[in-house]
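Below are the chains, spelled out letter by letter.
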Amino acid sequence: MAEVVLTDVEKVYPDGTRAVTDLNLRIDDGHLLVVVGPSGCGKTTALRMVAGLEEITSGTVHIGDRVVNKLEPGERDVAMVFQNYALYPHMTVYGNINFPLRLARVPKEARDRKVREAARVLGLENHLKRKPPQLSGGQRQRVAMGRAIVREPAVFLMDEPLSNLDAKLRVQMRAEISAIQRRFGVTTLYVTHDQVEAMTIGDRVAVMRNSRLQQVDDPQTIYDRPANLFVASFVGSPPMNLFRAAVERTGDGIGLVVGEQRLDVDEQELAAHPPLGSRAGAMVVVGVRPERLGTSDAPPQRRLRGGVVLCEALGSDSLAYVMVKGSLALDDAQSSLANDVEDAAEVEELSRETQATVIARLDPRIPMSAGESIEIGVGAGSLYFFDPDTGLALTGE
Ligand SMILES: Nc1ncnc2c1ncn2[C@@H]1O[C@H](COP(=O)(O)OP(=O)(O)OP(=O)(O)O)[C@@H](O)[C@H]1O
Ligand SMILES: [Mg+2]
């Protein structure tokens, strides 16, 4: 087993496409790191450079204490599971899992033991004699994992291994993959564009956007303390609400001017965002997660008035879309920082509204309908603040 370290890794394809820029990542021995980000941000390229399937333009990749930049894939001691895992259709499950061991000329008895052990862990014991066409999608996926596991590689590399599965199976396999990974303790790099998958599988999550790493942290920290507007809106569903507000000094504290309304910043929020105190008179981008908005329990200076535009009942809770009176939505440049687009021109559609619509996740028993005007309470300590020009969180770090 081994740790994997990427240092200043870059990839520029021959046609000039810059797929990975200045990537620094470390996966500790036995840990699982998920790289997540929108389509085209460079995830697969990064993984393929670790695998040895793609040349590294600059920087170094270490596996254990070896620099592997110039090593062939077969010399790197890695095993891969891809989205389009190809099993041999004419071989049984046993034969498929056994195949890499035969290639490696492992003695027959040792092979048999390893195949059966992997099959047991993967719940495939009763299917060893079947052939892939006789298996469900999830079972096939587990055979592909079995084939990777028996090689006992130093590192697993997985590129969207669940994306061919239906929603229910994905959820089940998500749990199984993290259990299997923990059981075998193999250092794993796992790539997905699905933020829920990333949050549930990863010990640590690396968020990428547009070839660059945005933040690496444990999942809860990514959610609770996003480093910038992009991470804030990429992780979480529905995404964090974002709008513009002016900072003002109030008696002994700090407040926000949200259009015609005023909102106090509480002590917890001030402590978490120290630069806010010096921004009186300036605009900031304010964020609040849908589940931290409610209809009760908040003092008057922690409420926003608005009109319900739409109400979606989801059963467990309902989502109220509320146009906050007089508020300011993000401008085009800020929207491009927050959203999955690189160019401010692309976001016109998103931000044509000048008033901000916030989504509140509410108790479904609260009766509510479109057209109604309501007051939504802002949960204690729930506000986030970002620099309107750079999109960086105002954490003072
Ligand atoms: N062989 C190639 N030649 C030129 N450009 C490439 C090549 N392969 C990928 N790219 C480009 O590099 C960028 C990163 O691609 P990559 O496949 O790493 O993205 P990804 O994050 O895995 O996306 P997805 O979620 O869609 O799989 C994209 O802009 C892509 O078009
Ligand atoms: Mg990819």
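Residues numbered from 1 in each chain as written. Chains lettered and ligands numbered in written order. Predicted model: local features only at pLDDT ≥ 70, side-chain atom pairs only at ≥ 80, totals over all residues.

**A look at the overall build of the chain**
The condition that has to hold: To qualify as a helix, a DSSP run of H or I must reach at least 4 residues; to qualify as a strand, a run of E must reach at least 2; elements of each kind are numbered from the N terminus. Any residue with 12 or fewer other C-beta atoms within 10 Å of its own C-beta is exposed, any with 20 or more is buried, and the rest are partly exposed; the C-beta atoms used are placed from the backbone.
Regarding its fold elements, the chain presents eleven helices and 20 strands. Across its three principal axes, the chain shows a C-alpha extent of roughly 80 × 50 × 35 Å. Taking all 397 residues of the chain together, the buried fraction comes to 41%.

**Structural notes on the site of ligand 1**
Rules: Nearness is defined per residue: the C-beta atom, placed using the backbone, must lie within 6 Å of the molecule or strand. Polar here means any residue outside two lists: the nonpolar Ala, Val, Leu, Ile, Met, Phe, Trp, Tyr, Cys and Pro, and the charged Asp, Glu, Lys and Arg; Gly therefore counts as polar.
Residues in close proximity to ligand 1 total 13 residues, the closest being Y13, A19, S39, T44 and T45. If one sorts the elements of the shell around ligand 1 by residue count, helix α1 (residues 43–51) sits on top with three residues. Looking at the shell around ligand 1, its residues break down into three nonpolar, eight polar and two charged.

**Brief notes about helix α2 (residues 93–103)**
Counted only if it meets this: A residue pair is marked as a contact if its C-beta atoms, positioned from the backbone, fall within 7 Å.
Regarding α2, the residues found buried are V93, Y94, N96, I97, N98 and L101. Buried-residue contacts for α2 involve α3 (108–121) and α4 (137–149). R105 sits one or two positions beyond α2 and adopts a positive phi of about 55 degrees.

**Remarks on the sheet that holds strand β8 (residues 187–192)**
Selection criterion: Only strands joined by at least two bridges in the DSSP assignment are considered to pair. In this analysis, axes come from line fits to C-alpha atoms, helices being fitted only over the stretch in contact, and the angle between any two N-to-C directions falls in the range 0 to 180 degrees.
A sheet is described by the order of its strands in space; here six strands give the open sequence β6-β7-β8-β3-β9-β10, paired in mixed fashion. Lying at the two open borders of the sheet, with one neighbouring strand each, are β6 (78–82) and β10 (212–217). Mean inter-strand twist for the sheet, computed between neighbouring axes without regard to direction, equals 15 degrees. As paired strands, β6 and strand β7 (residues 155–159) are joined by five bridges and run parallel to one another. Across the sheet, residue V78 finds its bridge partner in β7, namely V155.

**As for α4**
Filter applied, for reference: One fewer than the residue count of a helix, multiplied by 1.5 Å, yields its expected span.
Helix length check: α4 (13 residues) gives 18 Å between terminal C-alpha atoms against 18 Å at 1.5 Å per residue, within 8%. Of all the positions in α4, only Q141, R142, V143, A144, M145, G146, R147, A148 and I149 are classed as buried.

**Quick word on the domain arrangement of the chain**
How large an interface is tends to be reported as the accessible area lost when its parts come together. Formally: Marked domain ranges trace back to an automatic or database domain assignment.
We note that the domain assignment places domain 1 (4–232) and domain 2 (233–295 + 302–386) within the chain. A separation of 37 Å is found between the C-alpha centroids of domain 1 and domain 2. Listed per partner, the contact involves 13 residues of domain 1 and 14 residues of domain 2. Of all the elements in the fold, those that place two or more residues in the side of domain 1 that touches domain 2 are α6 (195–201), α7 (219–224) and α8 (229–234). Considering every element that reaches the side of domain 1 that touches domain 2, the biggest residue donor is α8, with four residues. A breakdown of the residues in the side of domain 1 that touches domain 2 according to their chemical character gives ten nonpolar, three polar and no charged.

**A few points about the packing of α2 against α4**
Test applied: When describing relative orientation, an angle under 35 degrees is termed roughly parallel and one over 145 degrees roughly antiparallel, while 65 to 115 degrees is termed roughly perpendicular and anything else oblique. For any helix crossing, the convention is left-handed if the near helix is rotated counterclockwise from the far helix by under a right angle, and right-handed if that rotation is clockwise.
One can describe the packing of α2 onto α4 by two numbers: an axis separation of 7 Å at closest approach and a directional angle of 30 degrees. One way to sum up the angle between α2 and α4 is to call them roughly parallel. The crossing of α2 and α4 is right-handed. Of the residues in α4, those touching α2 at V93, N96, I97, F99 and P100 are V143, G146 and R147. When grouped by side-chain class, the residues that make up the contact of α2 with α4 number five nonpolar, two polar and one charged.

**Points about the nonpolar core**
Threshold: Here a nonpolar core is just a set of buried residues of the types Ala, Val, Leu, Ile, Met, Phe, Trp, Tyr and Cys, joined wherever their C-beta atoms sit within 7 Å.
V34, V50, L157, L189, A206 and F243 are the most contacted members of the largest nonpolar core, which has 111 residues in total. Both domains that furnish three or more residues to this core are identified here as domain 1 (4–232) and domain 2 (233–295 + 302–386). Dropping the residues within four chain positions of it, V34 is found in contact with Y190, T192, A198, I201, G202, V205 and A206.

**Considering the confidence of the model for the chain**
In plain terms, the rule: Confidence of the prediction at every residue is given by pLDDT, a number between 0 and 100.
Per-residue confidence for the chain averages 90 on the pLDDT scale, and 96% of its residues sit at or above 70. Element-level mean pLDDT values for the chain span from 55 in helix α11 (residues 348–351) up to 98 in strand β1 (residues 4–12).

**Thoughts on the environment of L162**
Here L162 is to be found in the loop between β7 and α5 (167–184). Overall, L162 belongs to the buried group, with 25 C-beta atoms counted inside 10 Å. C-alpha separation for the pair L162 and G138, spaced 24 residues apart in sequence, amounts to 8.6 Å.

**Focus: the sheet that holds β1**
What the four strands build is an open sheet, ordered β2-β1-β4-β5; its pairing is antiparallel. Pairing within the sheet leaves two strands with one partner each, and these edge strands are β2 (18–27) and β5 (66–67). Pairing of strand β4 (residues 58–63) with β5 involves two bridges; the strand directions are antiparallel. Bridge pairing in β5 links H62 to V67.

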